[in-house]
Amino acid sequence: MQRVRQRQPQDFDRVLSSMCTKPHPRAHEAAVEFLATNPGDPATYQTVADLEADAIDQLGDIAGLDTAFGYIASGGTEANIQAVHAARNLADGTDTAGSGMPNIVAPTSVHFSVTKAAEMLGVELRTVPVDDDYRADLDAVSAAVDDETQLVIGVAGSTEYGRVDPIPAMTELAHDADANMHVDASWGGFILPFTDYEWSFADAPIDSMAIDPHKFGQAPVPAGGLLARERETVDALAVDTPYLETTSQATLTGTRSGAGVAGAVAAMDELWPAGYRQQYRDQQANADFLAEEFADRGIDVAEPTLPLVTASLSPATFEALRDEEWRIARTADGDLRIVCMPHVRRASLEAFLADLDRVRA
Ligand code: PLP
């Protein structure tokens with residue numbers, strides 16, 4: 001304990017590029033209470049198993065689904081891997097026209113968890129270019145999809161630029177090819193209900209979705225969400241569980257933390273929908289403020305269509321700001337990327353801008 005006591009976990013005031021945040025205080029309490037429970041063994045830990053069913057129902061509401069199937073995963077990575085896994089297993093049971101390697105199609109903006117999924121599951125990942133606004137190029141998706149395509153993935157709130165792909169049109173392309181459609185709303189899922197974007201189960205007949213309570217949902221880590229429209233998607237993941245009282249398990253991990261499940265339910269109870277709406281408005285205002293401040297300083301900035309700002313900074317300026325202990329990161333193209341997560345305060349952004357001015361002077 002000594003070594004833990006000597007350290008502070010993290011000063012969130014300087015964390016500007018993370019996609020995680022401080023949990024809501026009620027979520028924190030719930031997580032502590034359920035720390036020793038394991039929803040992976042629902043016959044033993046029934047209360048947390050019931051809470052998990054509540055969490056899936058509520059995530060379904062948020063994502064526009066009347067009846068939702070799925071589970072609380074460790075995060076967006078697991079949810080994306082399992083979406084690919086389910087699509088592969090479902091397609092294995094059908095006759096595909098060709099005899100080539102199965103493939104999945106996604107824009108280059110897709111999260112790297114999909115690369116892991118493809119590698120583990122033995123499917124080819126076909127990445128297609130994005131347009132000038134960093135959204136999946138529909139012609140490129142159409143050209144990449146073929147008889148061996150099992151899944152098309154669109155991103156609703158991309159990791160680097162916070163963009164939303166044309167989900168309804170991508171879904172049509174996927175279904176025309178008898179492939180499933182998965183939407184990665186791991187980051188955007190708790191923001192998008194308050195915008196005009198078409199991204200949800202209600203806007204398009206999408207098959208599965210990743211939506212993470214531990215990102216904009218203010219739940220503690222680990223709390224991701226895998227949602228499916230049909231029970232068969234989750235059933236396609238299930239394996240027999242001989243030594244447990246329940247007969248099968250669809251999750252990738254075995255033992256899971258009940259902290260994430262209870263924390264997710266507590267956060268959603270507190271915040272859905274009014275709290276999340278306010279949080280989106282506050283953080284979009286912060287993102288717009290920051291983008292304007294960058295532009296006023298002659299720095300190239302991409303319009304923040306969601307609460308995520310990217311701007312072009314020289315490597316020397318970026319490093320100088322890192323030396324000032326700002327927890328910032330860059331896109332693959334080298335753009336500074338600031339994610340206005342719920343913990344980000346206007347005062348922190350002002351302090352960051354003051355440091356920026358000082359190191360650039
Ligand atoms: N998908 C998107 C769009 C993300 O931004 C991230 C992480 O930031 C992930 C998936 C992976 O989520 P996790 O790190 O919780 O597994």
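Residues numbered from 1 in each chain as written. Predicted model: local features only at pLDDT ≥ 70, side-chain atom pairs only at ≥ 80, totals over all residues. Heavy atoms only, no water.

- Under an unreviewed UniProt entry, the name given to the protein is Probable L-aspartate decarboxylase, and the source organism is Halonotius pteroides.
- According to its UniProt record, the protein has this under Cofactor (unreviewed entry): "pyridoxal 5'-phosphate".
- The record held by UniProt for the protein lists under Function (unreviewed entry) the comment "Catalyzes the decarboxylation of L-aspartate to produce beta-alanine." (UniProt positions renumbered as here; feature names shortened; annotations may be inferred.)

1. Quick word on the overall build of the protein
- The helix and strand inventory of the protein stands at 12 helices and 13 strands.
- What you see for the protein is a C-alpha radius of gyration of 21 Å, in line with the 21 Å of a compact globule of 361 residues.
- For the protein, with 361 residues in total, the buried portion stands at 53%.
- Carbon and sulfur atoms make up 46% of the accessible area of the protein, which totals about 16,000 Å².
- Positive and negative side-chain charges of the protein, numbering 26 and 58 respectively, have mean locations separated by a distance of 11 Å. (Helix = DSSP H or I, 4+ residues; strand = E, 2+ residues; numbered from the N terminus. Rg over C-alpha atoms; globule rule 2.2 N^0.38 Å. Buried < 20%, exposed > 50% of the residue type's maximum accessible area, 1.4 Å probe, protein only. Areas by Shrake-Rupley, 256 points an atom, 1.4 Å probe, with all protein chains shown as cover. Lys, Arg positive; Asp, Glu negative; His and termini not counted. Charge placed at Lys NZ, Arg CZ, Asp CG, Glu CD.)

2. Things to note about the sheet that holds strand β1 (residues 69-73)
- Read across the open sheet, the seven strands follow the order β1-β7-β6-β5-β4-β2-β3; overall the sheet is mixed. In this open sheet, the two strands that pair with only one neighbour each are β1 and β3 (124-128). The mean inter-strand angle of the sheet, taken between neighbouring strand axes irrespective of direction, is 20°.
- Across the sheet, helix α4 (residues 76-92) lies against β1, β2 (103-107), β4 (149-155), β5 (180-184), β6 (208-210) and β7 (224-228), angled at about 155° from β4, the strand it touches most. (Pairing = 2+ DSSP bridges. Axes fitted to C-alpha atoms, helices over the stretch in contact; angles between N-to-C directions. Contact = heavy atoms within 4.5 Å.)

3. Here's the deal with the domain arrangement of the protein
- Structurally, the protein comprises domain 1 (2-16 + 273-360) and domain 2 (25-271).
- Taking only C-alpha atoms into account, the centre of domain 1 sits 27 Å from that of domain 2.
- At the interface, 25 residues of domain 1 touch 23 residues of domain 2.
- Across the domain 1 to domain 2 interface the summed buried area is about 2,000 Å²; carbon plus sulfur atoms make up 62%. (Domains from an automatic or database assignment. Buried area = accessible area lost by both parts, 1.4 Å probe.)

4. What about a negative patch on the surface?
- A surface patch of like charges, here negative, comprises D50, D54, D57, D61, D66, D269 and E270.
- Of all the secondary structure elements, the ones that give two or more residues to the negative patch are α3 (46-62) and α9 (258-271).
- Here the element with the most residues in the negative patch is α3; it accounts for four residues.
- The class for D57 is partly exposed, based on a relative accessible area of 46%. (Patch = residues over 30% accessible without salt bridge, like charges linked within 9 Å, V, L, I, M, F, W, Y side chains within 5 Å. Salt bridge = Lys/Arg side-chain N within 4 Å of Asp/Glu carboxyl O.)

5. A closer look at α9
- With 14 residues, α9 should cover 20 Å at 1.5 Å per step; its first-to-last C-alpha distance of 20 Å lies within 8% of that length.
- The element α9 is extensively covered by neighbouring structure, given that 12 of its 14 residues are classed as buried.
- Buried within α9 are the following residues: G258, A259, G260, V261, A262, G263, A264, V265, A266, A267, M268 and L271.
- Residues of α9 that are buried make contact with α2 (25-33), α3, β1 and α10 (274-296). (Expected span 1.5 Å × (residues − 1).)

6. Describing the pattern of salt bridges
- One pass over the structure, following the stated rule, counts 13 salt bridges.
- One salt bridge connects E124 with R126, and the closest N-O pair in it is separated by 3.2 Å.
- When its relative accessible area of 30% is taken as the criterion, E124 is described as partly exposed.
- Of the charged contacts, one joins R297 and E293 as a salt bridge, the two residues approaching to 2.8 Å between their closest N and O atoms.
- Through salt bridges that share partners, R14, E324, D355 and R358 make up one connected network.

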